[in-house]
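Tertiary structure, described
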Amino acid sequence: FREALGISASISAGVGQFGVSAKAKYAERCEVSTQSTVCILSFEARNAFVTFKDTPKLDPGLEELLKLNKTQRFRERAGTNFVGGMWSGVVFYGTIRIESGDELKDQEIAASIQASYGPFKASASIDKETSERLSRERIEILTFQSGGTVEPVFSLEELFQRAKIVAQQATKGGGVPIAVTLESY
């Protein structure tokens, strides 16, 4: 599950700046277990890469350290890298957890959901049989979103509609920084 979210064990414990720790918390909320079947809807929409100017603008105190050739103190205060550019956009995950108590039944429901919605079918809707099955089972929908307008989701139909809206928002300036490149000073 963490692999589907792009979270490795080594980074899930702390880097909060570009959503890694938020994704890790989301993964914990989803509590994937052997008693449930999980379907994941995920996408990342990136806008064009933006390069920052050639040289970072330094605070006067940092410039003074460089003029005095105090490189060790400079590194202690500023590190060894600066952000050279970034991608903005949106990241969206929708997790559908199905718990019917019967693994085969869970998998059949998951397959029905996938067949109904596929890769963003234009007229996605759930068939009557799957809808009836879902009404008798424990279904939980969890979402993670970075960028765009966040709205609550209460059904499968709303989940897929929300994903489409968020993807559109990314192209209309609704993105947030989602990845950066680091350059050496």
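A brief look at the structure comes next. (Residues numbered from 1 in each chain as written. Predicted model: local features only at pLDDT ≥ 70, side-chain atom pairs only at ≥ 80, totals over all residues. Heavy atoms only, no water.)

Time to look at unusual backbone geometry. You will see that N69, though not glycine, has its phi angle at about 60 degrees, which is positive. By relative accessible area, which is 60% here, N69 ends up exposed. (Buried < 20%, exposed > 50% of the residue type's maximum accessible area, 1.4 Å probe, protein only.)

Before going further, it helps to examine helix α7 (residues 156–171). Residues that lie three or four places apart on an α-helix share one face, since the helix turns once every 3.6 residues. Over its 16 residues, α7 runs 24 Å from end to end, which matches the ideal 22 Å to within 8%, given 1.5 Å per residue. Turning to α7, its buried residues are L156, L159, F160, R162, A163, V166, Q169 and A170. G173, located one to two residues past α7, shows a positive phi value of around 85 degrees. (Helix = DSSP H or I, 4+ residues; strand = E, 2+ residues; numbered from the N terminus. Expected span 1.5 Å × (residues − 1).)

Of note, T171 is situated in helix α7. Taking relative accessible area as the criterion, T171 reaches 64% and is therefore assigned exposed. Here the alpha-carbon distance between T171 and G148, two residues 23 residues apart in the chain, equals 9.8 Å.

By size, the foremost hydrophobic cluster in this structure holds 19 residues, and its most contacted members are F43, F92, I96, I98, I113 and L159. Counting residues per element, the ones that place at least two in this core are β1 (37–46), β3 (81–99), α5 (103–117) and α7. When residues in this core are grouped by element, the largest group, six residues, is from α7. Not counting chain neighbours up to four residues away, the residues in contact with F92 comprise L41, S42, F43, T143, F144, Q145, L159, R162, A163 and V166. Core analysis: the second largest hydrophobic core is formed by seven residues, Y26, Y93, F144 and I178 among them. (Core = buried A, V, L, I, M, F, W, Y, C linked by side-chain atoms within 4.5 Å. Contact = heavy atoms within 4.5 Å.)

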